[in-house]
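Survey of secondary and tertiary structure
This is what each chain is made of:
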Amino acid sequence: MTDLKRTPLYDLHVELRAKMVPFAGYEMPVQYPLGVMKEHQQTREAAGIFDVSHMGQVILSAGSWESVALAFETLVPMDVLGLEDRRQRYGFFTNEAGGIDDDLMFARRGDDLFVVVNAACKDADIARMKSALEPQVTVTELTDRALIAVQGPKAEAAVAALDPATGAMRFMDVRDLQLGDVAVWASRSGYTGEDGYEISVPAAQAAAMTQALLAHDWVEMIGLGARDSLRLEAGLCLYGHDIDAETNPVEASLLWAIQKVRRKDGDRAGGYVGAGAVLDAFASGVSRKRVGLLPEGRAPMREGVAVFDAAEGGQQVGTVTSGGFGPTVGGPVAMGYVGTEHAAVGTALWGEVRGKRMPLHVAKLPFVAANFKR
Amino acid sequence: MKFTEEHEWLRVEGDEVVVGITIHAAEQLGDVVFVELPDEGTVVSKDDEVVVIESVKAASDILAPVDGEITEVNTPLTDNPSMVNDDPQGEAWFFKMKLSDPSQMDDLMDEAAYQKFIA
């Protein structure tokens, strides 16, 4: 495990006997002694803490909100300008073919834009922003901060014990907070389908803050294993699996993330990388769609499982891009791409596991209803 | 009890052996969510894939530890795969088999050798 980077919580993970694995260039905890299944349930039923410090945290500034927002709109198909102060939104970088080069969260902090990108893509993302936007926009990676997610129905109780102001935040609000004696900023968001917060904290204070949150006996550390099953049940995409440079937002069923103002006939329609291709896909439709896939038996259908339109013979009509066991569902869950003609909820299809066709059907996402504080 | 390098245990019971996976293997697998057992009466050769076991992390195969015939399978595991984590060397046996060549048992490890193997 040479050349792997460590997050500011590395020593804490080891102390808590996490199983550390290489992930996106970092040594990360895949699970703690609790185990993936119980960590998953802990997050759904109480509260879990996730170290997501491997993700890239980037500040963009250009003197005014309007300048930075309009500059960022050249790289993403989202309404950035219309974002209210201290609010966050989901987005993605597109490429010339209309594919997705990374997905991200962006937040307005006064005149600055705060962007959180995936660990595996962050070097490319930062290079993209610098090359496209500098010198009008200053692009600064925050390498001295950790990012800690607190998720679950009791996340508010854990965080509000340190700063009661967090209780008043709604889903996707962003605030500067004082958690004990640590100055942080946080959004009310996450990637588990549960209520919670993502807290950007100075690296030097990250472990102490995490331990203050762990002081409650109903808060536990949660590894990447449960993070994956939680986000899968929540119907959320994992970049590089469910979406990538070859999938456009229409195929990926991510149109909800493109606000009207950036669509055809919107005031700021197009104007981002690959806009022509995305608008074409909008107008003429796509041949495949990302859908939920619910295996009917007990066998998990994992990434790469081929999906057919018949129990025998027939055609391959799709592929699983994420799949596994959903502890809250109590059975296997999956998502993937199928031909548009097979994408209606309820469509009966078959996944081929170890040479055997097993029934599944197209299912509504998410598998577990979101529990956000709207 | 005898052990294989594939982390199975075998316990002689009359003229049959009972086969399961070790505590060590169950810990390594993590939470087991799916078990597919062979049909009773299947004749297997050593190293045939006889059981599919999936944990939250991945799918693994359990190989036949010796030649013989599957005489009985532990069907409750199919509906309750987490038994494999709860009691891998007891309740959660996978199958019983009748050996074609009982001398194959001599090639397996005893408990002390297995403990050394996983240390």
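Since this is a predicted model, take the numbers as computed values, not measurements.

**What about the UniProt feature "modified residue: N6-lipoyllysine" (unreviewed entry) in chain B?**
The sites that UniProt annotates as "modified residue: N6-lipoyllysine" (unreviewed entry) are Lys57(B). In this structure, Lys57(B) sits in the loop between strand E6 (49-55) and strand E7 (59-63). Judged by its relative accessible area of 31%, Lys57(B) falls in the partly exposed class. The residues contacting Lys57(B), other than those within four sequence positions of it, are Lys19(A), Gln31(A), Arg302(A), Gln28(B), Leu29(B) and Gly30(B). A polar atom in the side chain of Lys57(B) sits 3.2 Å from the side chain of Gln31(A).

**Quick word on the environment of Glu45(A)**
Residue and element names in this part refer to chain A. Within the secondary structure, Glu45 sits in helix H2 (residues 36-45). Relative accessible area serves as the criterion here: at 59%, Glu45 is assigned to the exposed category. Separated by 244 residues in sequence, Glu45 and Lys289 place their C-alpha atoms 32 Å apart.

**Examining the environment of Val84(B)**
All names here are of chain B. Note on placement: Val84 falls in helix H3 (residues 83-86). For Val84, a relative accessible area of 0% translates into the label buried. Each C-alpha atom, one on Val84 and one on Gly68, is 23 Å from the other, the two residues being 16 residues apart in sequence. Beyond its immediate stretch of four places on either side in the chain, Val84 contacts Ile21, Ala26, Val32, Val35, Ile53, Leu77, Ala92 and Phe94.

**Quick word on the sheet that holds E7(B)**
All names here are of chain B. Strands sit in the order E4-E6-E7 across an open sheet of three strands; the sheet is antiparallel. Single-partner strands in this sheet number two, and they are strand E4 (32-36) and E7. Averaged over all adjacent pairs, the angle separating strand axes in this sheet is 25°, with direction ignored. Where E4 and E6 come together, four bridges link them in antiparallel fashion. When the sheet's bridge partners are listed, Phe34 is paired in E6 with Glu54.

**Here's the deal with the pattern of salt bridges**
Residues and elements named next belong to chain A. Across all of its chains, the model carries 29 salt bridges over all chains by this definition. We note a salt bridge from Arg44 to Glu194, for which the minimum N-O separation is 3.0 Å. Pair noted here: Arg44 is in helix H2 and Glu194 is in the loop between strand E11 (182-187) and strand E12 (196-202), with a separation of 150 residues, a long-range link. The pair Arg44 / Glu194 is uniform in exposure class, with both members buried. A salt bridge links Glu352 to Arg357, with the shortest nitrogen-to-oxygen separation between them at 2.9 Å. When its relative accessible area of 30% is taken as the criterion, Glu352 is described as partly exposed. Taken together, the shared-partner salt bridges connect Glu73, Asp79, Arg89, Arg262 and Arg268 into one network.

Criteria and thresholds
- Every residue gets a number counted from 1 within its own chain, in the order that chain's sequence is written.
- As they are written, the chains are lettered A onward and the ligands numbered 1 onward, keeping that order.
- A pLDDT threshold of at least 70 governs which residues receive local features in this predicted model, and a stricter bar of 80 or more applies before side-chain atom pairs are shown or counted, although totals over entire chains, interfaces and linings include all residues.
- Hydrogen atoms and water are omitted, and side-chain values are computed over all heavy atoms in the structure.
- UniProt positions are given in the numbering used here, feature names are shortened, and annotations may be inferred rather than shown by experiment.
- Strands here mean DSSP runs of E at least two residues long; helices mean DSSP runs of H or I at least four residues long; both are numbered from the N terminus.
- Relative accessibility under 20% of the residue-type maximum defines a buried residue, over 50% an exposed one, and the middle range a partly exposed one, all with a 1.4 Å probe and only protein chains included.
- It only takes one pair of heavy atoms within 4.5 Å for two residues to be counted as in contact.
- What qualifies as a polar contact is a pair of N or O atoms within 3.5 Å, subject to a donor-acceptor requirement within protein and to the restriction that residues adjacent in sequence count only when both atoms come from side chains.
- When DSSP finds two or more bridges between two strands, those strands count as paired.
- For helices, the fitted line uses only the C-alpha atoms of the stretch in contact; every axis is such a line through C-alpha atoms, and the angle between N-to-C directions lies from 0 to 180 degrees.
- Salt bridges are defined by distance alone: a side-chain nitrogen of Lys or Arg within 4 Å of a carboxyl oxygen of Asp or Glu.

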